[in-house]
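This is what each chain is made of:
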Amino acid sequence: MDCCHVSRRQALRWAGLVAATPLVAGAIDAAPAVAAGTPAAGDLLVTDLEVVTVTDTSVVLTWFTGSSTAVDQYSRPAPVPADTEVLLGTPGSTAPLTTVLADQTPTAFHYAEVTGLEPGRPYTFAARSAGVAAAYSSLQFPGPGGSVDAPYTFTTLTPPPGRHLFTIALSNDWHHGEETSGIITGNFPPAFQQDAGLPPYTEVMAQATLADVRQPDRGAHGLIVAGDLTAEAASTDAQQMRQLLDSFGTLGHDYFVARGNHDRPHVGTTYDTCTVVPAAPDHHDCWGDAFGYRRQQLNTGQLGGLRLVGLDTTTLDDANGELVPAQLAQLTETLARDPERPTLVFGHHPITWESAVTTAAGPTFNLDPGNARSLESLYARHPGVFFHHSGHTHRNRRTFAGEGDGGQGNPRVEYLEVAATKEYPGGYALLKVYSGGYQVNFYKTRSDLARQWSQRTRGEYFGIYPHYTLGTIADRNHTVVRDLSGLHLA
């Protein structure tokens, strides 16, 4: 399954990124190609440590334990189950670290969540399995506005002032119906599939997400899926995804969706039973039949008084994005009805110039530049808009309007790309809304099969995927102070 219908130039950009990081790829795939089996004593590899989530009172660490000699069918270290241990301390202190989590349940795919921490405080930590300290294997990105970290340290966030009102889960790129993950185009690069006998990985990751966000410790009152709900918008896949999401709640009330490029109307006999697109009679809209929204149709909703606006930014036949004049006019009219009302806009394609020039597939992969500047200008004239959520790039990335394009920066509106649900890092973001602002935290899904699949797809694109998709600590964990006192409990 081609991921994005990218051009030859975009594929070459990915190839160039791979070529620029030979040491990373080589280090990840360094295990000798021998048959997997019971590893010899003392050959435990404790690696791929990541500080995934940093909230005001908790931290989530993940890592992998495998064999340094045996490999799996993808020539990657074979999993080796071991215990999970986390120790915490204070940076600069001579006191020994204290064990705060010790789980003897053997697993190769470690997910350690430590709660009860103090807000706004730095911590140093160690993560261990079988007494061996977990090591980083990918770049860790500190950044302003969140937890400015150094290796083996993190700083908990300071929550916004006021009371917590409600929480929205932000997700995208579920790709229901996809069977091979990590292909850019054709058979390039080597990709990954689910093991025989296990449920399809897109179902595993979707079910894990829905189960996670319902849990009391996540507490999502609503869910947004910003595009690419399906692999290629086949009627069966779209209907199954609708049924799955309906188990969460009611469309337009409990969960909200936007169309992605994979959900666009298609041509071919597979789609002939679905509604014809009037402007392109050879295209049939199976996704629209399932979810009730037609191509380039804006949809609105609300949660706790927060106005939610979903955009359809898809073209008919390409991966890049556009907004037709009619939808842009409808958005302008919608915002003008109450320009001060707190508003979250979501759509599949990222907006900002900074996002465009840092996207591996190239600037044309994102929203059309003219449309993007029009949106930024529109948001500047309607002060209630404070947040725009997108997907498409499969990464965690936080940007702002005007950065790098010669325009005036607008820090009032946050543009957040959230990493894909269907593959590494395999998760969603929580937007926790307070009367005095909001807090964003990215979480990986934590079911056994989801953690296993996320670890496998960590090797996508010759092993460089984590460097591109995980993002900075601040991209995926940050607090913003803003007057949202007009909102109410959901």
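Model, not experiment: these values are computed from the prediction.

Q: Would you take a moment to explain the overall build of the protein for this structure?
A: The secondary structure content of the protein amounts to 11 helices and 23 strands. Sequence separation of at least 24 residues holds for 75% of the intrachain contacts in the protein that already meet a minimum separation of 6. For the protein, the accessible surface area stands at approximately 18000 Å², while carbon and sulfur atoms represent 55% of it.

Q: Before we go on, may I ask you to explain the sheet that holds strand E22 (residues 437-444) in this structure?
A: Across a sheet, paired strands are connected by hydrogen bonds in the backbone, their directions being either parallel or antiparallel. An order of E12-E11-E10-E21-E22-E23 is seen for the six strands of this open sheet, with the pairing classed as mixed. With one partner strand each, in any of the chains shown, strand E12 (255-258) and strand E23 (477-481) form the two edges of the open sheet. When the angles between neighbouring strand axes are averaged without regard to direction, this sheet yields 20°. Bridge count for strand E21 (residues 427-434) against E22 is eight bridges, and the pairing is antiparallel. Residue pairing across strands places Tyr428 opposite Tyr443, the latter belonging to E22. Contacts between helix H4 (residues 235-246) and the sheet are confined to strand E11 (222-226) and E12, with E12 contributing the most and set at about 155° to the helix.

Q: Can you help me understand the state of the cysteines in this one?
A: Cysteine pairs can be linked by a disulfide, which is a covalent bond between their two sulfur atoms. Overall, the coordinates contain one disulfide when judged by the stated rule. The residue that forms a disulfide with Cys274 is Cys286, at a sulfur-sulfur distance of 2.0 Å. One disulfide, between Cys274 and Cys286, carries an S-S torsion of 100° and so falls in the right-handed class. Here the residue Cys274 occupies a position in the loop between E12 and strand E13 (275-277), and Cys286 occupies one in helix H5 (residues 286-291), the gap between them amounting to 12 residues. According to the relative accessible area criterion, Cys274 is buried, its value standing at 6%.

Q: What should I look at first to understand the packing of helix H6 (residues 325-336) against helix H8 (residues 369-381) in this one?
A: Each pair of packed helices can be summarised by the angle the axes make with each other and by the distance between the axes. Orientation of H6 relative to H8, taken along the N-to-C sense of each, is 10°, at an axis distance of 11 Å. What the angle tells us is that H6 and H8 run roughly parallel. Contacts between H6 and H8 involve Leu328, Leu331, Thr332 and Leu335 from the first element and Ser374, Leu375, Leu378 and Tyr379 from the second. Class assignment of the residues belonging to the contact of H6 with H8 gives a composition of six nonpolar, two polar and no charged.

Q: I tried to follow H6 on my own but got confused; where do I start?
A: Note: α-helices contain 3.6 residues per turn, so residues at a spacing of three or four share the same orientation. A rise of 1.5 Å per residue sets the reference length of H6, with its 12 residues, at 16 Å; its end C-alpha atoms lie 16 Å apart and thus fit the reference within 8%. Turning to H6, its buried residues are Gln327, Leu328, Leu331, Thr334 and Leu335. Each buried residue of H6 sits inside an arc of 120° when the element is viewed along its axis, so together they form one side. Projecting away from the buried face of H6 at angles above 90 degrees are the exposed residues Pro325 and Ala326. Those residues of H6 hidden inside the fold are in contact with strand E15 (299-303), strand E16 (306-310), strand E17 (343-346), H8 and strand E18 (385-390).

Q: Can you walk me through the pairing of strand E7 (residues 122-129) in this structure?
A: In summary, the side chains of a regular strand alternate between the two faces of the sheet. Summarising burial for E7: six of the eight residues are buried, a large majority. In terms of strand pairing, strand E4 (residues 82-89) meets E7 through five bridges, oriented antiparallel. Each bridged residue has a counterpart across the sheet, and for Leu87 the counterpart in E7 is Ala126. The pairing of E7 with strand E9 (residues 153-155) spans three bridges and is antiparallel. Paired with Pro122 across the two strands is Thr155, which belongs to E9.

Q: Could you clarify how one ought to interpret the pattern of salt bridges in this entry?
A: Side-chain pairs of opposite charge can arise whenever the charged atoms involved come near each other. Across all of its chains, the model carries 26 salt bridges by this definition. For Arg264, the salt bridge goes to Glu232, with nearest N and O atoms at 3.6 Å. Of this pair, Arg264 sits in the loop between E12 and E13 while Glu232 sits in the loop between E11 and H4; the two residues are 32 residues apart in sequence, bridging distant segments of the chain. On the basis of relative accessibility, which here comes to 7%, the residue Arg264 falls in the buried class.

Q: Hey, could you run me through the side chain of Asp48 in this one?
A: Residue placement: Asp48 occurs in strand E1 (residues 44-54). A distance of 3.2 Å separates polar atoms of two side chains, one belonging to Asp48 and the other to Arg458. The residues contacting Asp48, other than those within four sequence positions of it, are Thr62, Trp63, Phe64, Ala135, Ser137, Gln455 and Arg458.

Q: What is the right way to look at the nonpolar core in this model?
A: It is characteristic of soluble globular proteins that their nonpolar side chains tend to be buried jointly. Counting 28 residues, the largest nonpolar core has Leu170, Leu308 and Phe387 as the members making the most contacts within it. When contributions to this core are tallied by element, the ones reaching two or more residues are strand E10 (164-171), E11, E12, E16, E17, E18, E21 and E22. Ranked by residues supplied to this core, first place goes to E10 with four residues. When near neighbours in sequence (up to four residues on either side) are disregarded, Leu308 contacts Ile168, Ile224, Phe256, Asn299, Thr300, Gly301, Gln302, Leu303, Leu344 and Phe346. In terms of nonpolar packing, the next biggest core, distinct from the first, is built from 27 residues, Leu229, Ala233, Tyr428 and Tyr443 among them.

Reading the values: rules and limits
For every chain, the first residue of the written sequence is number 1, and numbering continues from 1 onward in sequence order. The predicted origin of the model limits local features to residues at a pLDDT of at least 70 and limits the giving and counting of side-chain atom pairs to 80 or more, whereas totals for whole chains, interfaces and linings rest on all residues. Just so you know, side-chain values use all the structure's heavy atoms and leave hydrogens and water out. Only DSSP runs of H or I covering at least 4 residues are called helices, and only runs of E covering at least 2 are called strands; the numbering of each starts at the N terminus. Every residue pair with non-hydrogen atoms within 4.5 Å of one another is taken to be in contact. Under the convention used here, a 1.4 Å probe and the Shrake-Rupley method define accessible areas, while residue burial counts only the protein chains that appear. By this definition, two strands are paired if DSSP reports at least two bridges between them. Under this scheme, a helix contributes an axis fitted over its contacting stretch, all axes are lines through C-alpha atoms, and angles between N-to-C directions fall in the 0 to 180 degree range. By definition, disulfides here are pairs of cysteine sulfur atoms that lie within 2.5 Å. Here's how the labels work: a residue is buried when its accessible area is under 20% of the maximum for its type, exposed when over 50%, partly exposed in between, all with a 1.4 Å probe on protein chains only. For classification purposes, an angle smaller than 35 degrees is called roughly parallel, one larger than 145 roughly antiparallel, one from 65 to 115 roughly perpendicular, and anything else oblique. Polar here means any residue other than Ala, Val, Leu, Ile, Met, Phe, Trp, Tyr, Cys and Pro, which are nonpolar, and Asp, Glu, Lys and Arg, which are charged; Gly is therefore polar. Every helix has an expected span of 1.5 Å times one less than the residues it contains. What the arc covers is the set of directions going from the helix axis to the C-beta atoms. Any Lys or Arg side-chain nitrogen found within 4 Å of a carboxyl oxygen on Asp or Glu counts as a salt bridge. By the criterion applied in these results, polar contacts are pairs of N or O atoms within 3.5 Å in which, for protein atoms, one can donate a hydrogen and the other can accept it, and in which residues neighboring in sequence qualify only through two side-chain atoms. Residues enter a nonpolar core if they are buried and are Ala, Val, Leu, Ile, Met, Phe, Trp, Tyr or Cys, with the set joined through side-chain atoms within 4.5 Å.

That's the geometry; what it means functionally is another story.
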